[in-house]
Amino acid sequence: MSSFMTLGSTLPLLHVIGESTRRKRSSAPLPPGPPKRPLVGNLMLMGQDKGWEVFEKWSKELASDVISLTGLGQTVIILNSYSSAKSILERNNVSDRPQLLSMSELVGWKQSLIFHPFDDGWKLQRRYIHRGIGTRSALKQYDQLKEVVAAKFAKAIMEREDALDEHCHVFAGDLMLRISYGYDSKGYDPMIKMAEEVTDGASEFGAPGKWMVDVLPFLRYVPDWVPFTGWKRAVREHHSNLQKLVNTPYDWMRGEMDEGRAAPSFASKLLSEKDMTPEAASTVWATYAFLKMMCFHPEIQSRAQNEIDRVVGNDRLPLVSDMDTLPYVWACVLEALRWHIVLPLAVPHMSMEDNVCEGFMIPKGSVVLPNLWAISRDENEYPDAHTFNPERYLGDKPQRSPQDWVFGFGRRVCPGRLMAEESVFIVCATALATLHISRKMIDGVAVPIDLTQSAGLASHPTHFEYNLKPRSEQAKSLVFNAVMAS
Ligand code: HEM
């Protein structure tokens, strides 16, 4: 997602500035849904905390993968299985994004690729991204950079073990800023903090039902002195943070170019593209979730470390090119991507025409949400789905790879997916090769680990207590030497 944004999914549920639902042209029924209240229909149900769990429950109760909610003329269609999400979202005409007045127009997210309407501008941006990072061969040029950033991550932990989430933010932000602008961060520096602030702000800002202006658009014209217009200040602040995030790295890069010392980067090749600040938060939380699960399952951690010791040895750090020869480590990464879904309802699509799919009517203007969380916990795809088990992707009959769905569907599928896979792999493999993570003990008793995830647009794993130590002196010097040599 663009501008370090991992906004999710329930965001436009309540108050979409879209076309309202009108079912005139087909007699096909809407997908089933929960009971409706007079006048407001299902409106009150649309923007609830952890909606993904509730939608999955309704889907089971209604015995239908595809369900719908309607209220005040808006239809929301929720796709609770891989097959329904694939068959419906792979239609071109479900590739638009709904627009929220507060987020899209007033704050300005509309310009970013993630919320961009499905038009020629969007197609052009996608083409640029595809050219830059959309294929394995294009990404190859960044292998060494990813390896250095992964070593920096391990070094930062060795120097300060108690700030894992901060290190995850630095790793992901650093990678994106280097690739996009050639900017080499100085740890948790102002540019990385700015990116984090915008992501957090956006997540909070876009919380469902948060802003009345999305329901009553005339409120945008109410003067600031009127009581209860504090939201206008919040909008202005978020707008200004977003502009800073878009402009600061770009202006920095232009300055470097003027001085003739700009490092080669994605944006320097595409000069006019200021909107390439790509998202990092999904990568942040995928990495954090991976380490959390390694901590929770020491036996899985040891098995992955044994594989690295056997294949890579102890004289060098893992490389991106080791991916194919470390199947168990890769299976752990896949399982972490399935286990913790950063965007449980992905990013909402919007139907641009009336569609009849799987016997149901999906009216023009409907918000269409793939329930990635429900897919991840689907017992038909993943028996014993609530257990973290990397072996499900190995052997003669591997289960479906989360790569098939965790990055979304159709023409809006995540354009950074290959980059995300390689960067999460290399940071996790480097961490496994050089660090040991274990449960925090107090008076000989392991501190419990809460395995739940947060509510919100972009969901993150809950905080956990751990010990992180270098695996050996040799591992330590490999990491320090790799960073020194970079
Ligand atoms: C583990 C990491 C990541 C995950 C799980 C993830 C997941 C997703 C998902 C679910 C979507 C919505 C797809 C849909 O609408 O059907 C998406 C969109 C997007 N992602 Fe990612 N993503 C990740 C990393 C990245 C990275 C590293 C980048 C940039 C380099 C990126 C850039 C984007 C963009 C620009 C979009 C919007 C595409 C559009 O609307 O056309 N993502 N991502």
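Please read all numbers here as calculations on a predicted model, not as lab measurements.

Thresholds, definitions, all that
Residues numbered from 1 in each chain as written. Predicted model: local features only at pLDDT ≥ 70, side-chain atom pairs only at ≥ 80, totals over all residues. Helix = DSSP H or I, 4+ residues; strand = E, 2+ residues; numbered from the N terminus. Buried ≥ 20, exposed ≤ 12 C-beta atoms within 10 Å, placed from the backbone. Contact = placed C-beta atoms within 7 Å. Axes fitted to C-alpha atoms, helices over the stretch in contact; angles between N-to-C directions. Parallel < 35°, antiparallel > 145°, perpendicular 65-115°, else oblique. Left-handed = near helix turned anticlockwise from the far one by under 90°. Nonpolar A, V, L, I, M, F, W, Y, C, P; charged D, E, K, R; others polar. UniProt positions renumbered as here; feature names shortened; annotations may be inferred. Pairing = 2+ DSSP bridges. Core = buried A, V, L, I, M, F, W, Y, C linked by C-beta atoms within 7 Å. Expected span 1.5 Å × (residues − 1). Arc of directions from axis to C-beta.

### Some words on the overall build of the protein chain
On a plain count of helices and strands, the protein chain comes out with 17 helices and 10 strands. The 486 residues of the protein chain split such that 50% are buried. For the protein chain, long-range pairs separated by at least 24 residues make up 77% of all intrachain contacts whose partners lie at least 6 apart in sequence.

### Concerning the packing of helix α14 (residues 327-339) against helix α16 (residues 417-434)
Packing of α14 against α16 leaves a shortest axis separation of 10 Å and a crossing angle of 120°. The angle between α14 and α16 places the two elements in the oblique class. For the pair α14 and α16, the crossing hand works out as right-handed. The residues of α16 that touch α14, namely those facing V329, W330 and V333, are V424, F425, C428, A429 and L432. Taken together, the residues of the contact of α14 with α16 sort by class into eight nonpolar, no polar and no charged.

### With respect to the UniProt feature "binding site: heme" (unreviewed entry) in the protein chain
Feature annotation in UniProt places "binding site: heme" (unreviewed entry) on C414, given in this structure's numbering. Position of C414 among the secondary structure elements: in the loop between α15 (372-376) and α16. Not counting the four nearest positions on each side in its chain, C414 is found in contact with F407 and G408.

### Details of the pairing of strand β1 (residues 66-71)
Counting buried residues in β1 gives six out of six residues, a clear majority hidden from the surface. Side chains V66, S68 and T70 of β1 all project onto a buried face; the interleaved residues I67, L69 and G71 project onto the opposite face, where all are buried too. As judged from the six bridges shared by β1 and strand β2 (residues 74-79), these two strands associate in the antiparallel manner. Across the sheet, the residue bridging to L69 is V76, located in β2. In sequence, β1 turns back onto β2 through a hairpin of two residues, with L72 there showing a positive phi of about 45°.

### Quick notes on the nonpolar core
Judged by nonpolar contacts, the single largest core of 129 residues is most densely connected at F290, V333 and V368. Residue contacts for V368: discarding those within four places in its chain leaves I77, L79, I88, L89, V94, P348, H349, M350, S351 and I362.

### Focus: unusual backbone geometry
A positive phi angle, near 65°, is found at F228, a position not held by glycine. Looking at F228, the number of C-beta atoms within 10 Å reads 9, which means it is exposed. Backbone geometry places A346, a non-glycine residue, at a positive phi of 50°. Residue position: A346 is located in the loop between α14 and β3 (349-350). Look at A346 and you get buried, because 29 C-beta atoms sit within 10 Å.

### Observations concerning the environment of D119
Topologically, D119 is positioned in the loop between α4 (101-107) and α5 (120-133). Each C-alpha atom, one on D119 and one on D96, is 8.5 Å from the other, the two residues being 23 residues apart in sequence.

### What about helix α13 (residues 298-311)?
The terminal C-alpha atoms of α13 lie 20 Å apart, and with 14 residues this matches the ideal 20 Å at 1.5 Å per residue to within 8%. Within α13, burial applies to Q301, A304, E307 and I308. Viewed end-on, α13 has its buried residues packed into an arc of 125°, placing them on one side of the element. α13 presents E299, N306 and R310 as exposed residues on the side facing more than 90 degrees away from its buried surface. Tucked inside the fold, the buried residues of α13 contact α12 (281-296), α14, α16 and β7 (435-439). Immediately beyond the C-terminal end of α13, within one or two residues, lies G313, with a positive phi of roughly 80°.

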